Amino acid sequence: MQKIIKKYPPGDFGIWIIIYIELITFGALFLGYAYSRRLDVELFNKSQLLLEQNFGFINTILLITSSYFIVKAIEIIKKDEKTNTFFVASNYIFGAISLGVVFLFLKIFEFVGKYQEGINLSTNKFFMFYFLLTMFHFLHVLLGVIILFNLYKKTKIGGYTKSNLMGLETGASYWHMVDLLWIILFPLIYIMK
Amino acid sequence: MAYGRFIMDNFISINLHNEIIRVLNKMNKNTIIYIALLLLTTFTFLLGQKQNFTFIFTILVLITTFIKGQLIIDYFMELKNVDLKYRLFLSIWLVLVISLIGLFYFLPST
């Protein structure tokens, strides 16, 4: 069976311009962190020990699962085999939103914890990067949750169908980008020594 | 293999092998990718728990991160069956970022 190659990526092409720009921006920040680490490896390694790896791990699982739920929602609408397609798909999106919200609360808990320990953006270079990267990512997750909520409302009323998925795919692509960024951020900031 | 047997039958029983294949065939592709992402994430996390985080661990984490990123690009972002240039942009970005991170980690510190 010949593989069908689509001309354009899923969703509105405009979101892909945004995705490419965001990836370049975050890529530069990741490399900035890795380069700066070379200037004081001991400081970075010691500061990293003050982070909770468990939180980072849970947050990674949350975002991966959330992305998977969005993939399932689109899959269900594309198959359109059941009478309750929109109900099931919207439930998956709601699940994705819930996981995204849990991620946000865990991050806030982490930030507050650090602040209470007297650690902030100006503590040292490691924490400058930690707060810059994770807060910047936090804002993207927050925007993603808002986007998903709008997708949820429209999916629930059957606003997306097999032949009209562009809006859903656009939002989904953005959400997967947020997940992709965290996939790199977590090992870089929390794990690699 | 000359008798139509799978090479892993030397290490696992044919019944277990058949059961694994049966379960994998029932699951859809996206679910398999999701489970793979969970396992790779857990692997990275467990490596991070090690007290003496060696050069090999850094390589393993970088490779794992690349695989996870590429799986998301290909399957979750659905770029696997899209015009190559859109997929290539993200894949090249992923390779460049991970390679340069690795390079900065392995260069002697100043």
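Above this text is the structure in question.
These figures come from a predicted structure and were not determined experimentally.

What to know about helix 6 (residues 166–191) of chain A
All names here are of chain A.
Reasoning step 1: The end-to-end C-alpha distance of helix 6 is 37 Å, a good match for the 38 Å that 26 residues give at a rise of 1.5 Å each.
Reasoning step 2: Of all the bends in helix 6, the greatest reaches close to 25 degrees and is centred on L185; the proline P187 follows between one and four positions later.
Reasoning step 3: For helix 6, the tally of buried residues reaches 24 of 26 residues, placing the bulk of the element in the interior.

Points about the packing of aromatic side chains
Residues and elements named next belong to chain A.
Reasoning step 1: The full count for this structure, using the stated rule, is 31 aromatic pairs over all chains.
Reasoning step 2: Measuring from ring centre to ring centre gives 6.3 Å for Y8 and F13, while their planes differ by 70 degrees; the resulting arrangement is edge-to-face.
Reasoning step 3: With centroids separated by 6.0 Å and ring planes inclined at 85 degrees, the aromatic side chains of F127 and Y130 adopt a geometry described as edge-to-face. Of this pair, F127 and Y130 both sit in helix 5 (residues 125–156), separated by three residues, roughly a single helical turn.

Re the layout of surface pockets
Empty space among the atoms becomes visible once a probe the size of a water molecule is rolled across them.
Reasoning step 1: Estimated volume of the largest pocket: approximately 450 Å³.
Reasoning step 2: Contributing to the lining of the largest pocket are 16 residues, with K6(A), K78(A), K29(B), E78(B) and N81(B) lying nearest its centre.
Reasoning step 3: For the lining of the largest pocket, the elements supplying multiple residues, two or more each, are helix 3 (53–79) of chain A together with helix 2 (29–48) and helix 3 (55–76) of chain B.
Reasoning step 4: Looking at the lining of the largest pocket, the element that brings in the most residues is helix 3 of chain A, giving four residues.
Reasoning step 5: Residue classes in the lining of the largest pocket are distributed as six nonpolar, three polar and seven charged.
Reasoning step 6: Around the second largest pocket, the lining residues are Q48(A), L49(A), L51(A), E52(A), Q53(A), N54(A), Y190(A), K193(A), G48(B), Q49(B), K50(B) and Q51(B).

Quick look at the pattern of salt bridges
Reasoning step 1: Counted under the stated rule, the structure contains eight salt bridges over all chains.
Reasoning step 2: Of the charged contacts, one joins E169(A) and K78(A) as a salt bridge, the two residues approaching to 3.6 Å between their closest N and O atoms. In this pair, E169(A) sits in helix 6 while K78(A) sits in helix 3, placing the two residues 91 residues apart along the sequence.
Reasoning step 3: In this structure, the salt-bridge partner of D83(B) is K85(B), at a minimum N-O distance of 3.6 Å.
Reasoning step 4: For D83(B), a relative accessible area of 25% corresponds to the partly exposed category.
Reasoning step 5: Taken together, the shared-partner salt bridges in this structure form one network comprising K78(A), E169(A) and E78(B).

Some remarks on the environment of D74(B)
Residues and elements named next belong to chain B.
Reasoning step 1: With respect to the secondary-structure elements, D74 resides in helix 3.
Reasoning step 2: Under the relative-accessibility criterion, D74 is labelled buried at 8%.
Reasoning step 3: Separated by 13 residues in sequence, D74 and R87 place their C-alpha atoms 7.6 Å apart.
Reasoning step 4: With near-sequence residues (within four places) excluded, D74 lies in contact with L79, K80 and R87.

Points about the interface of chain B and chain A
Reasoning step 1: Each partner contributes to the interface: chain B provides 44 residues, whereas chain A provides 53 residues.
Reasoning step 2: When chain B packs against chain A, close to 4500 Å² is buried across both sides, 72% of that on carbon and sulfur atoms.
Reasoning step 3: A salt bridge links K78(A) to E78(B); the nearest nitrogen and oxygen atoms lie 2.8 Å apart.
Reasoning step 4: Scanning the region where chain B abuts chain A turns up 13 residue pairs in polar contact (both at pLDDT 80 or more).
Reasoning step 5: Contributions of two or more residues to the side of chain B that touches chain A are made by helix 2, helix 3 and helix 4 (84–106) of chain B.
Reasoning step 6: Residue composition of the side of chain B that touches chain A, grouped by class: 25 nonpolar, 14 polar and five charged.

The rules we used
- Residues numbered from 1 in each chain as written.
- Chains lettered and ligands numbered in written order.
- Predicted model: local features only at pLDDT ≥ 70, side-chain atom pairs only at ≥ 80, totals over all residues.
- Heavy atoms only, no water.
- Helix = DSSP H or I, 4+ residues; strand = E, 2+ residues; numbered from the N terminus.
- Expected span 1.5 Å × (residues − 1).
- Bend = angle between axes of the 7 residues up to and from the residue.
- Buried < 20%, exposed > 50% of the residue type's maximum accessible area, 1.4 Å probe, protein only.
- Phe/Tyr/Trp six-rings, centres within 6.5 Å; stacked < 30°, edge-to-face > 60°.
- 1 Å grid on protein atoms, 1.4 Å probe; cavity = no way out; pocket = protein on both sides within 12 Å on 5 of 7 lines; lining within 4 Å.
- Points joined across faces, edges and corners; volume = space filled by probe spheres on them.
- Nonpolar A, V, L, I, M, F, W, Y, C, P; charged D, E, K, R; others polar.
- Salt bridge = Lys/Arg side-chain N within 4 Å of Asp/Glu carboxyl O.
- Contact = heavy atoms within 4.5 Å.
- Buried area = accessible area lost by both parts, 1.4 Å probe.
- Polar contact = N/O pair within 3.5 Å; in protein donor to acceptor, adjacent residues only side chain to side chain.

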